[in-house]
Amino acid sequence: MPALEDSRLTVDDLIAWLVRFDDRIVEQADHLTELDSAIGDADHGTNMARGTAAVRSRLTDARPDDTGMLLKSCGMTLVSTVGGASGSLYGTLFLEMAKSVGTASELDTTVFAAAFRAGVAGVVARGRAEPGDKTMVDALQPTIEALDTAVAGGVPLADALKTAAAAAAAGRDATIHLVARKGRASYLGDRSADHLDPGATSAAILVQALADTQAERSR
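Residues numbered from 1 in each chain as written. Predicted model: local features only at pLDDT ≥ 70, side-chain atom pairs only at ≥ 80, totals over all residues. Heavy atoms only, no water.

Trainee: Quick question: what am I supposed to make of the pattern of salt bridges here?
Mentor: Should the charged atoms of two oppositely charged side chains come close, the side chains can pair. The full count for this structure, using the stated rule, is ten salt bridges. Of the charged contacts in the structure, one is a salt bridge between Arg172 and Asp173, with a shortest N-O distance of 2.8 Å. Accessibility expressed as a relative area gives 36% for Asp173, which makes it partly exposed. Overlapping salt bridges bring together Asp22, Asp23 and Arg56 as one network. (Salt bridge = Lys/Arg side-chain N within 4 Å of Asp/Glu carboxyl O. Buried < 20%, exposed > 50% of the residue type's maximum accessible area, 1.4 Å probe, protein only.)

Right under this line is the structure:
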């Protein structure tokens with residue numbers, strides 16, 4: 001059983017998460033761009049890598065005082081550096097999370113789950129996408145459902161995030177057979193099927209990065 005303090009996310013934990021996310025995006029940038037070349041603009045990996053690198057630089061150069069400031073800084077950086085739909089959507093995710101947590105110095109499972117739900121609601125409103133549209137929402141929606149179930153069951157944070165990452169991965173994989181109804185991919189109609197969605201893929205990377213970060217801390 002993790003210690004009590006390991007069931008909360010501090011500013012340092014969130015920085016470690018976003019640094020790991022940057023590492024994973026850099027590793028997978030070519031793959032993300034390859035996925036996007038099949039149904040999009042062939043720039044998702046490049047754009048995301050530029051954005052996560054900027055987030056990493058900003059957060060490590062000037063450590064925010066609380067979780068809300070950190071998430072807001074991340075969101076604003078992604079909006080200004082990623083560009084296009086991905087920058088707006090990822091930025092919205094973090095900006096809405098920031099509003100939800102306020103000036104909290106650390107986040108327990110319940111608070112983080114509520115913040116992530118607020119972030120995903122912002123993404124849905126901004127992109128006007130729903131589960132099944134073949135977008136990042138297909139990975140994010142299962143994540144919040146898994147987190148909500150964990151909160152209801154009193155599951156420790158590290159275990160909750162592990163389950164959430166598995167749910168995000170399953171949502172990502174489910175996009176292969178979907179026909180896109182939003183974004184550039186929707187222009188392809190039925191030809192968008194049989195391709196993994198790049199946005200859902202990067203979203204699953206985001207959740208897995210947090211799960212791995214907290215798992216290491218809780219050992």
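Picking up where we left off.
Trainee: How should the packing of aromatic side chains be read in this particular structure?
Mentor: One pair of aromatic rings is described through two measures. These are the centre distance and the angle between the planes. What the rule picks out here adds up to four aromatic pairs. Ring centres 6.3 Å apart and planes at 75° place the aromatic pair Trp17 and Phe112 in the edge-to-face group. Linking Trp17 in helix α1 (residues 11-39) with Phe112 in helix α5 (residues 109-127), this pair joins segments that are 95 residues apart in sequence. Of the two residues examined, Trp17 and Phe112, each falls in the buried class. (Phe/Tyr/Trp six-rings, centres within 6.5 Å; stacked < 30°, edge-to-face > 60°. Helix = DSSP H or I, 4+ residues; strand = E, 2+ residues; numbered from the N terminus.)

Trainee: Hey, could you run me through the packing of α1 against helix α3 (residues 67-82) in this one?
Mentor: Two numbers describe how α1 lies on α3: the axes approach to 9 Å, and their chain directions differ by 20°. Taken together, the axes of α1 and α3 lie roughly parallel to each other. As for the relative orientation of α1 and α3, their crossing is right-handed in sense. Seen from α1, the contacting residues are Val11, Leu14, Ile15 and Leu18; seen from α3, they are Thr67, Leu70 and Cys74. Partitioned by chemical class, the residues of the contact of α1 with α3 number six nonpolar, one polar and no charged. (Axes fitted to C-alpha atoms, helices over the stretch in contact; angles between N-to-C directions. Parallel < 35°, antiparallel > 145°, perpendicular 65-115°, else oblique. Left-handed = near helix turned anticlockwise from the far one by under 90°. Contact = heavy atoms within 4.5 Å. Nonpolar A, V, L, I, M, F, W, Y, C, P; charged D, E, K, R; others polar.)

Trainee: I would appreciate a short explanation of α5 in the present structure.
Mentor: Think of an α-helix as turning once every 3.6 residues; residues three or four places apart then point the same way. Along its 19 residues, α5 runs 27 Å from first to last C-alpha, staying within 8% of the 27 Å computed at 1.5 Å per residue. Taken as a whole, α5 has its buried residues at Thr109, Phe112, Ala113, Ala115, Phe116, Gly119, Val120, Gly122 and Val123. For α5, the N-terminal capping position is held by Asp108, with its side-chain oxygen 3.2 Å away from the main-chain nitrogen of Thr110. At the C-terminal side of α5, Arg128 shows a positive phi close to 50°. (Expected span 1.5 Å × (residues − 1). Polar contact = N/O pair within 3.5 Å; in protein donor to acceptor, adjacent residues only side chain to side chain.)

Trainee: In this structure, what is going on with the environment of Ala204? I would like to understand it.
Mentor: If you trace the backbone, Ala204 turns up in helix α8 (residues 198-217). Separated by 136 residues in sequence, Ala204 and Gly68 have C-alpha atoms that sit 22 Å apart. Other than its neighbours up to four places away in sequence, Ala204 contacts Ala139, Ala168, Ala169 and Arg172.

Trainee: Just checking my understanding: could you explain the environment of Val101 for this structure?
Mentor: Relative to the helices and strands, Val101 is located in helix α4 (residues 84-101). Setting aside chain neighbours within four positions, we find Val101 in contact with Thr67, Gly68, Leu71, Leu107, Val111 and Ala115.

Trainee: Please explain the nonpolar core as it appears in this structure.
Mentor: Side chains of nonpolar character tend, in soluble globular proteins, to be buried together. Counting 59 residues, the largest nonpolar core has Trp17, Tyr90, Phe94, Phe112 and Phe116 as its most contacted members. Within the residue set of this core, elements represented by two or more residues are α1, α2 (44-61), α3, α4, α5, α6 (137-153), α7 (157-174) and α8. Not counting chain neighbours up to four residues away, the residues in contact with Phe94 comprise Trp17, Leu18, Leu71, Cys74, Gly75, Leu78 and Leu206. (Core = buried A, V, L, I, M, F, W, Y, C linked by side-chain atoms within 4.5 Å.)

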